[in-house]
Amino acid sequence: MKFLKLIGLLLDYPSDDLLAELRAAVRETGVVSLVAECDPEGMLDADERLQLASFITAQLARDALELQGAYVRDFDLTAEHSLHLTHHIFGEEKSRGPALIDLGEFYKSHGLEADERELPDYLPVMLEFASELSREEAHVFLAEVGKVLKVLADNLEK
């Protein structure tokens, strides 16, 4: 389920290092091949693979500062657009802290040591975690966050 990790990377802050790694991977294999390599199980249909490849191509055609500005505008400046998913459930309530701790412990129980610089509810981290699970486990894990993703998608749509 490596395509989940790829999607997580594409949703992460487009740092210069991340963009350089993505550009190098595309130069090495081509964007269509890169997407195909990230989906050896064939979870994505041909149209979804093409859409993902087109998105990567469009992103890499943009200037890094433009991408970074768009990321901050789209995800950081409006709380309802946050990629920290527990925010959509708890806001800034104190009960969010224990939920974050529980999620971090859940990751550890599955052998993932998340980056300590990022909260465990950050969508790219969650997708990276899900990419390491079996298909069935990933389905269950992502189903749990599906409602929150729907809220986030609706907020971004507005």
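Keep in mind the model is a prediction, meaning the values are calculated, not measured.

Draft legend 1. Highlighting the overall build of the protein. Secondary structure assignment for the protein yields 9 helices and 0 strands. In the protein, the succession of helices and strands from N to C terminus is α-α-α-α-α-α-α-α-α. Computed over its C-alpha atoms, the radius of gyration of the protein comes to 16 Å, within 12% of the 15 Å expected for a compact globule of 158 residues. Dimensions of the protein along its principal axes, counting C-alpha atoms only, are 45 × 35 × 30 Å. Among the 158 residues that make up the protein, the fraction classed as buried is 37%. Partitioning the contacts of the protein with sequence separation of at least 6, the portion at a separation of at least 24 is 61%.

Draft legend 2. Here's a closer look at the side chain of D39. Note on placement: D39 falls in the loop between α3 (31–37) and α4 (46–60). Setting aside its immediate chain neighbours within four residues, D39 contacts F3, L44 and R49.

Draft legend 3. Summary view of the environment of S109. Examined against the element boundaries, S109 turns out to sit in helix α7 (residues 96–109). C-alpha of S109 to C-alpha of E128: the two residues are 19 residues apart in sequence and 15 Å apart in space.

Draft legend 4. Structural view of the pattern of salt bridges. For the structure shown, the criterion picks out 6 salt bridges. For E105, the salt bridge goes to K108, with nearest N and O atoms at 3.8 Å. With E105 and K108 both in helix α7 and 3 residues apart, this pair spans about one turn of that helix. Using a relative accessible area of 46% as the deciding quantity, one classes K108 as partly exposed.

Draft legend 5. Geometry of helix α5 (residues 64–76). Here α5 spans 17 Å end to end across 13 residues, near enough to the 18 Å set by a 1.5 Å rise per residue. Listing the buried residues of α5 in full gives L67, Q68, A70, Y71 and F75. Around the axis of α5, the buried residues are gathered within 160° of arc, so they sit on the same side. Here the buried face of α5 lies against α1 (2–11), α2 (16–29), α4 and α9 (135–157). One side-chain oxygen at the N-terminal end of α5 lies 3.0 Å from the backbone nitrogen of L65; it belongs to D63.

Draft legend 6. Molecular detail of the packing of aromatic side chains. This structure, assessed with the given rule, holds 7 aromatic pairs. Seen in terms of ring centroids, F106 and F129 are 5.6 Å apart; in terms of plane orientation they differ by 65°. Their pairing is edge-to-face. Placement of the pair is F106 in helix α7 and F129 in helix α8 (residues 123–131), with a sequence separation of 23 residues. The exposure class assigned to F129 is buried, which follows from its relative accessible area of 2%. Taking 6.1 Å as the distance between ring centres and 10° as the angle between the ring planes, the aromatic pair formed by F106 and F141 counts as stacked. Of this pair, F106 sits in helix α7 while F141 sits in helix α9, and the two are 35 residues apart along the sequence. Residue class for F106 comes out partly exposed when judged on its relative accessible area of 34%. An aromatic cluster is present here, built from F106, Y107, F129 and F141 joined pairwise through their rings.

About the criteria used
- Residues numbered from 1 in each chain as written.
- Predicted model: local features only at pLDDT ≥ 70, side-chain atom pairs only at ≥ 80, totals over all residues.
- Heavy atoms only, no water.
- Helix = DSSP H or I, 4+ residues; strand = E, 2+ residues; numbered from the N terminus.
- Rg over C-alpha atoms; globule rule 2.2 N^0.38 Å.
- Buried < 20%, exposed > 50% of the residue type's maximum accessible area, 1.4 Å probe, protein only.
- Contact = heavy atoms within 4.5 Å.
- Salt bridge = Lys/Arg side-chain N within 4 Å of Asp/Glu carboxyl O.
- Expected span 1.5 Å × (residues − 1).
- Arc of directions from axis to C-beta.
- Polar contact = N/O pair within 3.5 Å; in protein donor to acceptor, adjacent residues only side chain to side chain.
- Phe/Tyr/Trp six-rings, centres within 6.5 Å; stacked < 30°, edge-to-face > 60°.

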